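Geometric and topological summary
In case you want the letters, here they are:
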Amino acid sequence: MTELQPLEPTYYTNRAAALMALKSFKPALSDCQQAASLQSESPSAKTLLRLSRCHLALGASGPALSTLREVLSLEPNNGPAQQLQAKTLELEGNLRNFHTARSQKQWTIARIALDRCFQAIDGEGGEVPSEWRCWRIEIELAKGNWDGATMVANEAMRIDSGNADIMALRGLVLFLTAKLPQALQHALSALRLDPDNERAKKLRQRVKAVEKLKDEGNALFKSNNWQEAIDKYTEALEVVGDSEDEAKGGTMRATLLSNRATSLVKVGSNLCLSSNH
């Protein structure tokens with residue numbers, strides 16, 4: 001019917017209602033927006049309420065609140081709008097709590113707040129934004145919970161297999177757990193999905209640099225060039241870094257520190273032997 005009468009908003013709102021019943025909120029959002037634009041001179045509270053529900057179900061609390069304010073300006077005593085506003089304000093509060101805790105590196109508190117955001121969307125039968133899934137991976141990663149980070153990343157990839165950021169974050173988990181070939185494959189896969197993805201570009205660069213320096217250090221160690229090996233491991237450690245957001249460099253940093261320590265012991269032993277002659 002929308003093809004026969006494309007300027008009739010009722011058809012869009014009716015189709016949106018059907019799509020919402022099927023939990024297909026993205027196409028429903030599009031239909032509600034189309035209907036609202038056709039009603040621009042006299043917007044329908046029903047259309048706007050459906051539009052705000054779609055926004056909430058997709059995690060867009062700001063647009064949901066803005067639209068609800070329009071509904072309540074038209075119908076101040078609209079009960080469903082008031083209830084939806086309360087839910088949306090609660091979601092906004094949890095998002096603020098998440099960002100505050102994250103900025104203060106309070107990872108457990110951030111995780112609790114983010115879980116509540118997920119629950120709010122699940123309660124609406126909606127679709128969690130990909131960005132939130134990235135945040136969940138980043139929290140587990142920062143906590144050094146490698147099994148948790150892997151599980152969350154795998155789940156995110158299953159749900160949103162075409163997301164380059166999620167793919168790159170899974171690669172970062174592999175990098176920090178010293179699985180360099182797999183990390184590089186994930187970085188390359190992310191770049192195939194999005195050639196301009198900065199997260200994937202940075203990961204590819206770091207993996208290649210660390211792998212090269214580590215291999216060179218190992219070769220120098222085996223040929224008894226221990227001081228040169230130390231220099232290579234030190235360079236690799238600088239690439240890995242010790243950021244709190246990455247659990248101080250994880251297993252990758254620990255491995256390089258161990259290699260450098262072994263080389264330092266060799267250098268010390270060699271100096272002792274030299275001084276005894």
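Note that this is a predicted model, so its numbers are computed, not measured.

Right, let's talk about the nonpolar core for a bit. In terms of nonpolar packing, the biggest core is built from 37 residues, with Cys54, Leu91, Phe98, Leu114 and Trp132 touching the most fellow members. At the level of elements, α1 (9-21), α2 (25-38), α3 (45-57), α4 (61-74), α5 (79-103), α6 (107-123) and α7 (130-142) are the ones that each hand at least two residues to this core. Those residues in contact with Phe98 that sit more than four places away from it in its chain are Ala110, Ala113, Leu114, Trp135 and Ile139. Counting 31 residues, the second-largest nonpolar core is a separate cluster that includes Leu174, Leu184, Val207 and Ala247.

Tallied over the full model, the rule gives zero disulfides. Free cysteine: Cys54, not disulfide-bonded; nearest cysteine sulfur from Cys32 at 4.3 Å. Residue Cys54 is classed as buried on the basis of its relative accessible area, which comes to 0%.

So, on to empty space enclosed by the protein. With a probe scaled to a water molecule rolled over the atoms, the places where space remains empty come into view. Applying the stated criterion to the full structure yields one cavity of 30 Å³ or more. In this model, the largest cavity occupies a volume close to 40 Å³. As for the largest cavity, its lining consists of Phe118, Arg133, Arg136, Val152, Glu155 and Ala156. Where the lining of the largest cavity is concerned, the elements lending two or more residues are α7 and α8 (146-159). It is α8 that contributes the most residues to the lining of the largest cavity, three residues altogether. A breakdown of the residues in the lining of the largest cavity according to their chemical character gives three nonpolar, no polar and three charged.

Relative to the helices and strands, Ala168 resides in helix α9 (residues 164-176). On the accessibility criterion, Ala168 (2% relative accessible area) is buried. Along the sequence, Ala168 and Cys134 sit 34 residues apart, while their C-alpha atoms lie 9.8 Å from each other. With residues up to four places along the chain from it excluded, the contact list for Ala168 reads Ala190, Asn197, Arg199, Ala200 and Leu203.

Our next topic: the side chain of Arg206. Examined against the element boundaries, Arg206 turns out to sit in helix α11 (residues 198-222). Here Arg206 falls in the buried class, since its relative accessible area comes to 10%. Non-local contacts of Arg206, meaning those with residues more than four positions away in its chain, are made with Leu172, Phe175, Val239, Val240 and Glu246.

To continue, consider the packing of aromatic side chains. Enumeration according to the criterion identifies three aromatic pairs in this entry. With a centroid separation of 6.2 Å and 50 degrees between ring planes, the pair formed by Phe118 and Trp132 is classed as tilted. Here Trp132 lies in helix α7 and Phe118 lies in helix α6, a separation of 14 residues in the sequence. Of the two residues, Phe118 and Trp132, neither departs from the other in class, the shared state being buried. Aromatic pair Trp132 and Trp135: ring centres 6.5 Å apart, planes at 15 degrees, arrangement stacked. With Trp132 and Trp135 both in helix α7 and three residues apart, the pair spans about one turn of that helix.

One way to put it is that α9 packs onto α11 with a least axis distance of 9 Å and a crossing angle of 25 degrees. Considered as vectors, α9 and α11 are oriented roughly parallel to each other. Between α9 and α11 lies a crossing whose hand is left-handed. For the pair formed by α9 and α11, the contact residues are Asp165, Ala168, Leu169, Gly171, Leu172 and Phe175 on the first element and Arg199, Ala200, Leu203, Arg206, Val207 and Val210 on the second. Within the contact of α9 with α11, the residues separate by chemical class into eight nonpolar, one polar and three charged.

Rules behind the numbers
- Residues numbered from 1 in each chain as written.
- Predicted model: local features only at pLDDT ≥ 70, side-chain atom pairs only at ≥ 80, totals over all residues.
- Heavy atoms only, no water.
- Core = buried A, V, L, I, M, F, W, Y, C linked by side-chain atoms within 4.5 Å.
- Buried < 20%, exposed > 50% of the residue type's maximum accessible area, 1.4 Å probe, protein only.
- Helix = DSSP H or I, 4+ residues; strand = E, 2+ residues; numbered from the N terminus.
- Contact = heavy atoms within 4.5 Å.
- Disulfide = S-S within 2.5 Å.
- 1 Å grid on protein atoms, 1.4 Å probe; cavity = no way out; pocket = protein on both sides within 12 Å on 5 of 7 lines; lining within 4 Å.
- Points joined across faces, edges and corners; volume = space filled by probe spheres on them.
- Nonpolar A, V, L, I, M, F, W, Y, C, P; charged D, E, K, R; others polar.
- Phe/Tyr/Trp six-rings, centres within 6.5 Å; stacked < 30°, edge-to-face > 60°.
- Axes fitted to C-alpha atoms, helices over the stretch in contact; angles between N-to-C directions.
- Parallel < 35°, antiparallel > 145°, perpendicular 65-115°, else oblique.
- Left-handed = near helix turned anticlockwise from the far one by under 90°.

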